[in-house]
Structures are given as C-alpha cells and as structure tokens.
Amino acid sequence: MASEDVKTYDDDLAFGTDCPSLELLDFVRGEKVGIEAGKVHVLFYFQAFYKGAWVINEQVTKLWEKFAPAGVQFIAISQDADVPAVEKFLTKIADGRVKDENTGEIYRLDIPLVAHDGKKATGKLFAEASKLSVLPIPSLYVINKEGKIVWRQAVTQSTQLHQVSPSFEGQLEKVIAGEAVELANGEAPKAACADPDEGEAAEVDDLALF
C-alpha cells in the first residue's frame, strides 16, 4: 500500500481535464511532438539532480519497453536548470555512470523522447490542473486517447511505482483498453487550520493531493 504522501485521490481536480499543451517544451532527444489524438501518452516529470529517484527512471524505462509496442507514447520531461544539464545527464546515463551507490545497479532512461521544461512553465500548467502549488517530482501523468488527464502519480525513492495503490501499470492497462481507471483512495483529507475571525478550527482543502 502506498504511503499517504504519494496517493492520488479520487477527487483530483485534474481528472477529465484537457492535457496542457506541450508547445513550450524544448526536446533534447527525439523530434518535437505534442499530444496526438487517438494515442495514449505517459508524461514523466523528473530532475537529474534527484539521485534518490534515479531508480524511478529505470522503472519508467521498463514500462516504456512493455507498452511502447502497444502504441503508448512516453515523454520524459526534465525540470532541471537548463538544456545543457539535461544533455549532461543523458550522457552520464549512456556511459553507465547513473547507478545505485550501494548495489552498483545501472539505471537507464532509454525513452526516445526527452524534453526540457524551461522555467517549469509547462509543469506549472499541470500543477494548476490539480490545484497544486508545485508539481511533485517525480510525477507521471496518463493521458487518454481523447487528450484528457485520467491519472496522476507522484512517487519517491521510498515509495516506488511498484508499491503504489492502485497499481500505476494496472491503471495504464485500463486506459489502453479504453476502460475507466480504478478509483479506490477516496477524497483527499482535509486539513484543519485556525480561523482568525472565528477563533476555532476551519476545514480547508489540502493542497498536497499526491
């Protein structure tokens, strides 16, 4: 079962909304693309300097290997400082220097499409769709064939893709099959805060919906 901080709640406001445009992204690997009608997309937001999440890059690469033959378009989107930082990281991966410091396991990011999100402009649009103040990194979005956001999953080095509930892979399989995703986590919890006018606790929406 996933820990509370990586849950995607059933009332995520992004669900069913149009996927933001990818026009502002600078593609570092592969030709520039957008969201194509009739195709399922997985958008993977990452940052090179977050060493603890390098294992997620490998897990997403394995998902790409499994689902690309089914026509799913994977796009990795970096929120690092600039394009040279992304290029340097990809070179480091190609040289086999991105690996677990304890086990020596090499982590890949072999997705053919890698882009840089300059000034995090596109990421802000995705965060706003869920009414988040910032976009959690790493995060994955599933876009259905109609171009709608149907699932969002934040992960950490301690709670990885194979540990989240509902299963990210299972959700993706449902979207590929044209089925509705599983909703099993209920509504986001409310956070109590002091109301300066009433002098008592008031219920407010928790902005951390992941």
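Look a little higher up for the structure.
Right, let's walk through the structure included here.

### Comments concerning the overall build of the protein chain
- When helices and strands are counted, the protein chain shows 4 helices and 8 strands.
- The 210 residues of the protein chain split such that 46% are buried.
- Taking contacts inside the protein chain between residues at least 6 apart in sequence as the whole, the part at least 24 apart equals 71%.

### Let's talk about the nonpolar core
- Ranked by size, the top nonpolar core spans 36 residues in total, and within it Phe44, Val60, Phe74, Leu109, Leu140, Val142 and Phe168 carry the most contacts.
- Those elements that provide at least two residues to this core are strand E2 (41-46), helix H1 (54-67), strand E3 (73-78), helix H2 (83-94), strand E5 (139-143), strand E6 (149-154) and helix H4 (168-176).
- When neighbours within four sequence positions are excluded, valine 142 is seen to be in contact with Val40, His41, Lys148, Ile149, Val150, Trp151, Phe168, Leu172 and Val175.
- Ranked by size, the runner-up nonpolar core spans 21 residues in total, among them Leu25, Phe126, Ala127 and Ile137.

### Notes on the sheet that holds strand E1 (residues 26-29)
- Spatially, the 6 strands line up as an open sheet ordered E1-E4-E3-E2-E5-E6, and their pairing is mixed. Every other strand in the sheet has two partners, leaving E1 and E6 as the edge strands with one partner each. Going from strand to strand, the sheet's axes swing by 25 degrees on average, the running direction of each strand aside.
- As defined by bridge partners, E2 adjoins E5 across 5 bridges and the pair is classed as antiparallel.

### Considering the packing of aromatic side chains
- Per the counting criterion, the structure on display carries 6 aromatic pairs.
- Pairing phenylalanine 44 with phenylalanine 46 gives two aromatic rings, centres 5.8 Å apart and planes at 20 degrees, and the pair type is stacked.
- Judged by relative accessible area, phenylalanine 44 falls into the buried class, the value being 1%.
- Judged by its relative accessible area of 2%, phenylalanine 46 falls in the buried class.
- Both rings, one in phenylalanine 126 and one in tyrosine 141, keep their centres 4.7 Å apart while their planes meet at 55 degrees; by these two values the pair is tilted. Residue phenylalanine 126 is located in helix H3 (residues 121-129), and its partner tyrosine 141 is located in strand E5; the two are separated by 15 residues in the primary sequence.
- Note on phenylalanine 126: relative accessible area 0%, which makes it buried.
- On the accessibility criterion, tyrosine 141 (0% relative accessible area) is buried.
- By way of ring pairs, the aromatic residues Phe44, Phe46, Trp54 and Phe89 are connected into one cluster.

### Considerations on the side chain of glutamine 59
- Among the structural elements, glutamine 59 can be located in helix H1.
- Taking the relative accessible area as the measure of exposure, glutamine 59 reaches 15% and is therefore buried.
- Of the polar contacts made by the side chain of glutamine 59, one reaches the side chain of glutamine 160; its length is 2.6 Å.
- The contact partners of glutamine 59, leaving out residues within four places of it in the chain, are Gln160, Leu161 and His162.

### Side note on the pattern of salt bridges
- Under the definition given, this model contains 10 salt bridges.
- Close ionic contact of arginine 152 with aspartate 12 constitutes a salt bridge, the shortest N to O distance being 2.7 Å. With arginine 152 in strand E6 and aspartate 12 in the segment before E1, this residue pair connects regions lying 140 residues apart in the sequence.
- The exposure class of arginine 152 is buried, given its relative accessible area of 0%.
- Taking the shortest distance from any N to any O, the salt bridge between arginine 108 and aspartate 110 comes out at 3.6 Å.
- Judged by its relative accessible area of 24%, arginine 108 is partly exposed.
- Among the charged side chains, a network of salt bridges with common partners joins Glu58, Glu65, Arg108 and Asp110.

### Some remarks on the pairing of E5
- Extensive coverage of E5 is indicated by the burial of 5 of its 5 residues.
- Residues Ser139, Tyr141 and Ile143 of E5 are buried on one face, and the alternating residues Leu140 and Val142, pointing to the opposite face, are buried as well.
- Direction of pairing for E5 relative to E6: antiparallel, over a ladder of 5 bridges. Bridging across to E6, serine 139 finds its partner in alanine 154.
- Between the antiparallel neighbours E5 and E6 lie 5 residues, among them glycine 147 with a positive phi of about 80 degrees.

Parameters and conventions
- Residues numbered from 1 in each chain as written.
- Predicted model: local features only at pLDDT ≥ 70, side-chain atom pairs only at ≥ 80, totals over all residues.
- Heavy atoms only, no water.
- Helix = DSSP H or I, 4+ residues; strand = E, 2+ residues; numbered from the N terminus.
- Buried < 20%, exposed > 50% of the residue type's maximum accessible area, 1.4 Å probe, protein only.
- Contact = heavy atoms within 4.5 Å.
- Core = buried A, V, L, I, M, F, W, Y, C linked by side-chain atoms within 4.5 Å.
- Pairing = 2+ DSSP bridges.
- Axes fitted to C-alpha atoms, helices over the stretch in contact; angles between N-to-C directions.
- Phe/Tyr/Trp six-rings, centres within 6.5 Å; stacked < 30°, edge-to-face > 60°.
- Polar contact = N/O pair within 3.5 Å; in protein donor to acceptor, adjacent residues only side chain to side chain.
- Salt bridge = Lys/Arg side-chain N within 4 Å of Asp/Glu carboxyl O.

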